[in-house]
Structures are given as C-alpha cells and as structure tokens.
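For reference, the chains in residue letters:
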Amino acid sequence: KARAIVLLDLDYFYCQVEMLRNGLPAERPVAVTQKFLVVTCNYPARSSGVAKLMRTTEAVARCPDLRLIAGEDLTPYREASDEAMQALRAFGPVQRVGLDEFFIDVTAVAEA
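For the structure given in this document, a descriptive report is provided here.

How each quantity is defined
- Each chain has its residues counted from 1, following the order in which its sequence is written.
- Side-chain atom pairs in this predicted model are given and counted only at pLDDT of 80 or more, local residue features only at pLDDT of at least 70, and totals for whole chains, interfaces and linings cover all residues.
- The side-chain quantities take in all heavy atoms of the structure and omit both hydrogens and water.
- Put simply, a nonpolar core is a bunch of buried Ala, Val, Leu, Ile, Met, Phe, Trp, Tyr and Cys residues held in one set by side-chain atoms that sit within 4.5 Å of each other.
- Only protein chains enter the accessibility calculation, which uses a 1.4 Å probe. A residue is then buried if its area is under 20% of the maximum for its type, exposed if over 50%, and partly exposed in between.
- Helix and strand definitions here come from DSSP, where helices need a minimum of 4 consecutive H or I residues and strands a minimum of 2 consecutive E residues; each element is numbered from the N-terminal end.
- Throughout, a contact is declared for two residues whenever any of their heavy atoms are within 4.5 Å.
- Whether two strands pair depends on DSSP finding at least two bridges between them.
- Criterion for a disulfide: a pair of cysteine sulfur atoms within 2.5 Å.
- Buried and open spaces are told apart on a 1 Å grid over the protein atoms alone, a cavity being a set of points where a 1.4 Å probe fits but cannot get out and a pocket being an open set with protein on both sides within 12 Å along at least five of seven lines. Residues with an atom within 4 Å of a point are the lining residues.
- Grid points are joined across faces, edges and corners, and a volume is the space filled by probe spheres set on the points.
- Amino acids are sorted into nonpolar (Ala, Val, Leu, Ile, Met, Phe, Trp, Tyr, Cys and Pro), charged (Asp, Glu, Lys and Arg) and polar (every other residue, Gly among them).

Our next topic: the nonpolar core. Core analysis: the biggest nonpolar cluster contains 12 residues, these being Tyr12, Phe13, Tyr14, Cys15, Val17, Met19, Leu24, Val30, Val32, Ile69, Tyr77 and Ala80. Mapped onto this core, the elements with two or more residues apiece are helix H1 (13–22), strand S2 (30–34) and helix H4 (75–88). The biggest single contributor to this core is H1, with 5 residues. Leave out the neighbours within four places in its chain, and Tyr14 touches Val32, Gln34, Val39, Thr40, Leu74, Tyr77 and Leu99. Core analysis: the next-biggest nonpolar cluster, separate from the first, contains 9 residues, Ala31, Val38, Cys41 and Ala45 among them.

This part is about the pairing of S2. Each regular strand shows side chains that alternate between the opposite faces of the sheet. Buried residues dominate S2, accounting for 4 of its 5 residues. Sheet topology note: the S2/strand S4 (residues 67–70) ladder contains 4 bridges and is parallel. By the bridge assignment, Thr33 is partnered in S4 with Ala70. The pairing of S2 with strand S3 (residues 37–41) spans 4 bridges and is classified as antiparallel.

To continue, consider the state of the cysteines. Using the criterion set out here, one finds 0 disulfides in the structure. Cysteine Cys15 shares no disulfide, and the gap to the nearest cysteine sulfur, in Cys41, comes to 6.3 Å. Using a relative accessible area of 2% as the deciding quantity, one classes Cys41 as buried.

Taken together, the 4 bridges between strand S5 (residues 94–98) and strand S6 (residues 101–105) define a ladder with antiparallel strand orientation. Along S6, the bridge assignment pairs Gly98 with Glu101. Adjacent in sequence and paired antiparallel, S5 and S6 are bridged by 2 residues.

The subject of this paragraph is the layout of surface pockets. When its volume is computed, the largest pocket comes out at roughly 220 Å³. Every element with two or more residues in the lining of the largest pocket is listed here: H1 and S3. Considering each element in turn, the lining of the largest pocket owes the most residues, 3 residues, to S3. Here the residues of the lining of the largest pocket are counted per class, giving 6 nonpolar, 2 polar and 5 charged. The computed volume of the second largest pocket comes to approximately 170 Å³. Lining the second largest pocket, in full, are Leu10, Phe13, Gln16, Val17, Leu20, Arg21, Pro76, Glu79, Ala80, Glu83 and Ala84. Elements represented by at least two residues in the lining of the second largest pocket include exactly H1 and H4. Its residues assigned to classes, the lining of the second largest pocket comprises 7 nonpolar, 1 polar and 3 charged.

What follows is the structure, given as structure tokens:
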C-alpha cells in the first residue's frame, strides 16, 4: 500500500527557539552562535549578508544590529524539538531525523 510521507525541516530552528525565549520580534536580525561561529540566523540577518558558519566578528560587521545568542547549551532546542514532535503527532506517526527535521506519515490524513 502506498504511503504519504512528509519531511518537515524547520528553517533557522535554533533562532526561532531563541526569539521565542527572548521575546524578540520577527524583524530583528538574530544569529545563534557556537564558539565564534554563526550556526544559524534568521531571514533579517541573512538579508544583511550573515550566513551559517560565518565568524561572529564578520557577521556583526555586516549587520551591526545583529543580536548574537550563544547556543552551546542544546537543552532548549531539545525541549522545543520535543514540543514540535508532540504537535506533529496530530497528523500521524512521526520520526525525528534531527532536532529540526521530522518525517511524518500523513497517509491517514491524505486518505480522509
């Protein structure tokens, strides 16, 4: 029997978690860092030329309003990933691929 499987990849997931935790508006440029590198950034930061794996000094030079948030502690991201997984179960069985990626079997929803 054919199955309908969806891959959901939450873009700039660590940033989204930090923006919610810190009450930051969507238009604020934000980057999450580990050590001295940007590991992810949101669209306002990207539009200023900030990119993944960029040194934080270069990122701030390109986007002076950039809010840098340390992301070495993965606990908040694991917790947010668990919450996302719970919400996605409403659509069918879920398999986590990474903290921000999920396979969802939506066969029952598609057949309804």
